[in-house]
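Structural characterization, general
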Amino acid sequence: IFFIQSFVMLFTFGLCFAFINKVIIDKYFKSNDMSINKEQNVEYVYAFDIHCNAFVPMYFFCGIIPFFILPITKGYTSYIQVIISNCLQCVGVMYYCYVTFMGYFSLPFVRKNKYVTLAVWPILVFYIIVTIMKVNVYSTILHWFFVD
């Protein structure tokens, strides 16, 4: 679990997410202020650093807490298990989005930060739908990586 979480999720997905976020911020969230003489862009290393900073709390909510309460979070037998597991996953993913965008909006040339809340709605809708369908996201992820 540690190898997959740290190397696959942190580095491999992190490089992809950092590149995607860098492109999105540079294209859609930059200020059109003419007082800045030179055009500024987000550096790729800074984008990866923001990903690493946002990954730590997400890993806490999506990896560490569910692991310690594994009898509760792993399983499809009751709605209580599904709700607890999916709530932890949802909080972790939304916290990742929040920390990521707050890291980008600390840059002086990035504006339009009111759109940061738009990422929350698809996440909430997804987790509400999968909870109603009684799909445990944590158990599904564990099953993908480690066949029971």
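Residues numbered from 1 in each chain as written. Predicted model: local features only at pLDDT ≥ 70, side-chain atom pairs only at ≥ 80, totals over all residues. Heavy atoms only, no water.

This paragraph deals with unusual backbone geometry. Unlike most non-glycine residues, Lys134 shows phi in positive territory, near 60°. Looking at where Lys134 falls in the secondary structure, it is placed in the loop between α5 (120-132) and α6 (137-145). Take Lys134: its relative accessible area is 28%, and that puts it in the partly exposed class. (Helix = DSSP H or I, 4+ residues; strand = E, 2+ residues; numbered from the N terminus. Buried < 20%, exposed > 50% of the residue type's maximum accessible area, 1.4 Å probe, protein only.)

A separate point is the packing of aromatic side chains. Summed over the entire model, instances satisfying the criterion amount to eleven aromatic pairs. Both rings, one in Phe126 and one in Tyr127, keep their centres 5.2 Å apart while their planes meet at 80°; by these two values the pair is edge-to-face. Note on Tyr127: relative accessible area 9%, which makes it buried. Following the ring pairs from residue to residue traces out a cluster consisting of Phe13, Phe17 and Tyr96. Directly above the aromatic system of Tyr79 lies the positively charged group of Lys134, at a separation of 5.3 Å from the ring centroid. (Phe/Tyr/Trp six-rings, centres within 6.5 Å; stacked < 30°, edge-to-face > 60°. Lys NZ or Arg CZ within 6 Å of the ring centre and 35° of its normal.)

Bear in mind that shape data such as this cannot, by itself, settle questions of function.
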